[in-house]
Amino acid sequence: MQNLFTLIKKYKVTLIIAAAVVAAFVVAFMSGGSISGLKANPAATAATADSVAPSAAEIVTKASVPPTTEETGQQKETETEKIADTETVSAAFATAVNSAETVQTVPAEASEEEPEEEPRPATDKYKTDPVPSGKPEPIEPQVQTTQDNTLKCTLSISCANALNHPGDLDEEIMEILPADGWLLKPEQFEFTEGESVYDLMVRVCRERKIHFDTTFTPIYNSAYVKGIGNLYEFDCGENSGWMYRVNDWFPNYGVSRYVLKNGDTVSFLYSCDGGFDVGERQ
């Protein structure tokens, strides 16, 4: 026994080395029979693959973990670039469409001259007949304005034609009419610029105490003279009534729409024959 301990002590290092070699062979045998078998062992290969590839649990864990601030910033920058690219494409498309519309809306040069439009008749919503060339156009009462400068015109009122038809007049009317037919002999009156024939008549008849009866007719936008000096329309037949003349023309619109001019001569005439007996119609 003492000799055994002596031998073990003497060959201690050798025994340790031998034990290590034996242990290595044992480990190799338990792993697959040999060291080369370890390399060819499928289980070992699978284990190695499992250690490389992430498990399902790891994938779920990574998906549930919120992205870092750096990752979020990179993602926002990518989205911003996509939006900017989209807006650029949209702007380019809109510019192309506008350019196309501009080209389409540019009128083509006319190869031929357009025919001139025929002159329109001087009618209006108040049923005014065309005004003869050189005669003043009517001016609506609501737009007339007056000036301070004083102008002059001549005014007269005659009922002489009614006296020429005594059989058609009532005796009461005959008695109130002047024998010479003049309700107002031609006389010069002052007026302000912008006044109408109607304005002049209202003022003069008030001053001279001459009866003057009118009514406003919306369809013609003017005052209509019904009676002067108590002599009314239809008093001397169904075609009788008052007419007015300015210079040598019987205006075809109402007295409220005729604006006086300096030097005008205005005459009110009573007709018993629809204007034929005063020269309005030939």
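Look up: the structure comes first, before these words.
Colleague: Tell me what's going on with the nonpolar core, and back it up with residues and numbers.
Modeller: In this structure, Ile157, Val197, Ile228, Trp242 and Phe268 are the most contacted members of the largest nonpolar core, which totals 38 residues. Contributions of two or more residues to this core are made by strand E1 (150–158), strand E2 (182–192), helix H9 (197–208), strand E4 (222–228), strand E6 (241–246) and strand E7 (265–271). Of the residues forming this core, the biggest block, 5 residues, is contributed by H9. Trp242 has contacts with Ile157, Ser158, Cys159, Leu183, Val225, Lys226, Gly227, Ile228, Leu231, Phe268, Leu269 and Tyr270, leaving out every residue within four places of it along the chain.

Colleague: I'd like to hear about the layout of surface pockets, residue by residue, with values.
Modeller: Taken as a whole, the largest pocket encloses approximately 940 Å³ of empty space. Lining the largest pocket are 31 residues, and of these Tyr224, Trp242, Met243, Pro251 and Tyr253 sit closest to its centre. Among the elements of the structure, E4, E6 and E7 are those that each provide at least two residues to the lining of the largest pocket.

Colleague: Please give an account of the sheet that holds E2 that cites residues and values.
Modeller: Within a sheet, adjacent strands bond to each other through the backbone by hydrogen bonds, running parallel or antiparallel. As summarised here, the arrangement of the 4 strands in space is E2-E1-E7-E6, forming an open sheet in which the pairing is mixed. At either margin of the open sheet sits one strand with a lone partner, and together these are E2 and E6. Neighbour-to-neighbour, the strand axes of this sheet turn through a mean angle of 20°, independent of strand direction. One ladder, built from 5 bridges, connects E1 with E7; its direction is parallel. Considered in E7, the bridge of Leu155 is made with Val266. Along the sheet, H9 makes contact with E1, E2, E6 and E7, crossing E2 at roughly 120°.

Colleague: So what's going on with the sheet that holds E4? Residues and values would help.
Modeller: Here we have 3 strands laid out as an open sheet, ordered E3-E4-E5, and antiparallel in their pairing. Edge strands, defined here as strands with exactly one partner in the open sheet, are strand E3 (212–217) and strand E5 (231–232). Pairing analysis gives 2 bridges linking E4 to E5, with the strands arranged antiparallel. Each residue of the ladder has a partner; that of Gly227, found in E5, is Tyr232. Each of E3 and E4 touches H9; the most contacted strand, E3, lies at about 150° to it.

Calculation criteria
Residues numbered from 1 in each chain as written. Predicted model: local features only at pLDDT ≥ 70, side-chain atom pairs only at ≥ 80, totals over all residues. Heavy atoms only, no water. Core = buried A, V, L, I, M, F, W, Y, C linked by side-chain atoms within 4.5 Å. Buried < 20%, exposed > 50% of the residue type's maximum accessible area, 1.4 Å probe, protein only. Helix = DSSP H or I, 4+ residues; strand = E, 2+ residues; numbered from the N terminus. Contact = heavy atoms within 4.5 Å. 1 Å grid on protein atoms, 1.4 Å probe; cavity = no way out; pocket = protein on both sides within 12 Å on 5 of 7 lines; lining within 4 Å. Points joined across faces, edges and corners; volume = space filled by probe spheres on them. Pairing = 2+ DSSP bridges. Axes fitted to C-alpha atoms, helices over the stretch in contact; angles between N-to-C directions.

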